[in-house]
Structure formats: structure tokens, C-alpha cells
Amino acid sequence: MIMGQSLSKIEKVYDTVAKEYAETFFYEHEKKPKDQDILCRFSQEIGNRRPVWDFGCGPGHTASYLTKLGLQTSGLDLSEKILEQARAIHPAMHFRRGNILELEFEDNLIAGIVSFYSIVHFTEDQVKLAFREAFRVLQPGGIFLFTFHIGENTIHLDQFLNKEIDVDFMFFTNDFIWKSLKDSGFAKIEMIAREPYPEVEYQSRRSYVFAIKPVARKSP
Ligand SMILES: C[S@@+](CC[C@H](N)C(=O)[O-])C[C@H]1O[C@@H](n2cnc3c(N)ncnc32)[C@H](O)[C@@H]1O
């Protein structure tokens, strides 16, 4: 069994801050030009393939951004309260409860997965499990795009968005992420680092990662 922060603890955090999180992050991508470039690229590379899911979608701003680009995207999250926010803000979109570490999707189903900062509460073993699950559910040739905070530290927060919480935020090294993706079977891994935008977000270096599930070669 893989140990980490319990899922109920993480769920409780996002249930507690759901409304404030939705209000704070509603215009997230409008303030971050690199997010826009990356999401535009993801949308172009997915093209006509479907379905596309946002794992750890929060209030649905990334799924909504992609849908506005023409890439209809559904959202999955652990927190029922944050999903209530997502459904209220984006009534035409599809959101459902689920666990990134134990996905209720069949193998080879999904064309594209986007997952912004959804691994931030995971231990290294949980990150590896999340990557194996993403790999399992992606179609051959499917694209996994996610973001993380670069570093080696863990930050404990007991206040977030003016609410009392109790949770750890994990940073990861590029080497760890790269090796874990390779070990899960991903190929064509591309990591794009950027400095934080001043006064817009927490001041940490971040990475956008594109990883492809290889198409199996036919035997001769
Ligand atoms: C830091 S927030 C990021 C939300 C959104 N992607 C964004 O960029 O603002 C992490 C999100 O991942 C969700 N999450 C954490 N662990 C999860 C899990 N095991 N399964 C599904 N969602 C999870 C949380 O409920 C929360 O909405």
C-alpha cells in the first residue's frame, strides 16, 4: 500500500476552500501568457481526437479554457464541493468525482489528459502511481500535459485563502519527474520550465510537461 497524505484530508482542504478557490482562480490563465501558449499547443496537438479530461480540475477553469479553444474537455476531481463550483460556473460542461490514483476508466480510452498542479499533495510514490494510471487510460499516441512546482521542499500550510486547513504542498525535481514518466512507459517527454509571474502567483519555478504514450510498433 502506498502511503501519503490521506485522500480524505486532501478532499477536506478543497471542500473547505471551494468557493474562495473558484473566485481566486477563475481568471488564472488570462493572467499567465505561458499557460495560454501551452494550452493552445495542447489543443492543436490533440486536434480532433477525443475524449479529453482535466484531472484534478478544481473549479474547471482549465477545462473551460480548452473548451473555449474548441477542445471539449471534461473535469474530474476528488472534492465534491469544488465540483459543485465547477458545475455552477460551467453548467454546460461535464464534471465528475474521481481519484487520479485509482481511475475508473478503461485502458487506452482517453486522447488527452491535462492536469495542472494536481500532483502537489502527492508523495513521490503517489506521483509514480498517478503517472502509471494516466499511462494506462491514455490511448496510444495520447498526450499527458501536467504542471508542477520545481524544487525539493515541502511546504506545510495551515491557512489558505483565509481558511484554516492542514495540508502539505510538495515540490519535485525535474530528474524525478523525468525518470518516473520514463519508468511508466511515456516517451517524447518535454519539460518547459518558467520563472513565476510576479504578483500573480506563489513565487516558485514551475514546469509544464508534455508526455506521449507511444504507439505500439507492429511486429515484422
Ligand atoms: C492545487 S489544486 C489544482 C486545481 C486546478 N487544476 C488548478 O490548476 O487550479 C489540486 C486539485 O487536485 C485535486 N486532487 C488532489 N488529489 C486528487 C486525487 N487523488 N484525485 C482527484 N483529484 C485530486 C484537488 O481536489 C484540487 O482540486
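Predicted model, so just to flag it, every value in this text is computed and none were measured.

Rules and cut-offs
- Residues numbered from 1 in each chain as written.
- Predicted model: local features only at pLDDT ≥ 70, side-chain atom pairs only at ≥ 80, totals over all residues.
- Heavy atoms only, no water.
- Phe/Tyr/Trp six-rings, centres within 6.5 Å; stacked < 30°, edge-to-face > 60°.
- Helix = DSSP H or I, 4+ residues; strand = E, 2+ residues; numbered from the N terminus.
- Lys NZ or Arg CZ within 6 Å of the ring centre and 35° of its normal.
- UniProt positions renumbered as here; feature names shortened; annotations may be inferred.
- Near = heavy atom within 4 Å.
- Polar contact = N/O pair within 3.5 Å; in protein donor to acceptor, adjacent residues only side chain to side chain.
- Areas by Shrake-Rupley, 256 points an atom, 1.4 Å probe, with all protein chains shown as cover.
- Salt bridge = Lys/Arg side-chain N within 4 Å of Asp/Glu carboxyl O.
- Buried < 20%, exposed > 50% of the residue type's maximum accessible area, 1.4 Å probe, protein only.
- Axes fitted to C-alpha atoms, helices over the stretch in contact; angles between N-to-C directions.
- Parallel < 35°, antiparallel > 145°, perpendicular 65-115°, else oblique.
- Contact = heavy atoms within 4.5 Å.
- Nonpolar A, V, L, I, M, F, W, Y, C, P; charged D, E, K, R; others polar.

Turning our eyes to something else, we now look at the packing of aromatic side chains. Following the criterion strictly, the structure yields 17 aromatic pairs and no others. Here the aromatic rings of tryptophan 53 and phenylalanine 105 are separated by 5.0 Å at their centres, their planes lie at 65°, and the arrangement is edge-to-face. In this pair, tryptophan 53 sits in strand β1 (residues 52-55) while phenylalanine 105 sits in the loop between β3 (95-97) and β4 (110-116), placing the two residues 52 residues apart along the sequence. Members of the aromatic cluster, joined through ring pairs, are Phe131, Phe135, Phe144, Phe146, Phe148 and Phe186. Positioned over the ring face of phenylalanine 135 is lysine 213, at 4.8 Å from the centre of the ring.

Next up on the list: the UniProt feature "domain: Methyltransferase" (unreviewed entry) in the protein chain. As recorded in UniProt, the sites labelled "domain: Methyltransferase" (unreviewed entry) are residues 52-142. Across residues 52-142, the secondary structure splits into 35% helix and 26% strand, with the terminal C-alpha atoms separated by 10 Å.

A few words now on the site of the ligand. Taken together, the neighbourhood of the ligand is formed by 17 residues, with Tyr21, Gly56, Asp77, Asn99 and Phe116 sitting nearest. One of the backbone N or O atoms of leucine 78 is found 3.3 Å from a nitrogen atom in the ligand. In the model, a nitrogen atom of the ligand is placed 2.8 Å from a nitrogen or oxygen of the phenylalanine 116 main chain. About the coverage of the ligand: the protein hides 98% of its 590 Å² of free accessible area. Tallying contributions element by element places helix α1 (residues 7-16) first for the shell around the ligand, with three residues.

This model, assessed by the stated rule, comprises 16 salt bridges. Glutamate 28 serves as the salt-bridge partner of lysine 32, at 2.6 Å between the closest nitrogen and oxygen. No difference in accessibility class separates lysine 32 from glutamate 28, as the two residues are buried. A salt bridge links aspartate 183 to lysine 179, with the shortest nitrogen-to-oxygen separation between them at 2.8 Å. Placement of both aspartate 183 and lysine 179 in helix α7 (residues 174-184) is noted, with a separation of four residues, approximately one turn of the helix. As far as the burial class goes, aspartate 183 and lysine 179 line up, both exposed. Via salt bridges that share partners, Glu28, Lys32, Asp35, Arg194, Glu201 and Arg206 belong to a single interconnected network.

Right, let's talk about the environment of phenylalanine 26 for a bit. Tracing the sequence through the fold places phenylalanine 26 in the loop between α2 (18-25) and α3 (33-46). Between the alpha carbons of phenylalanine 26 and histidine 61 there is a distance of 5.9 Å; along the sequence they are 35 residues apart.

Time to look at the packing of α1 against α2. Where α1 contacts α2, the axes come no closer than 5 Å and their chain directions differ by 65°. One way to sum up the angle between α1 and α2 is to call them roughly perpendicular. Two secondary-structure elements touch here, α1 through Tyr14, Asp15 and Thr16 and α2 through Ala18, Glu20 and Tyr21. For the contact of α1 with α2, a count of residues per class yields three nonpolar, one polar and two charged.

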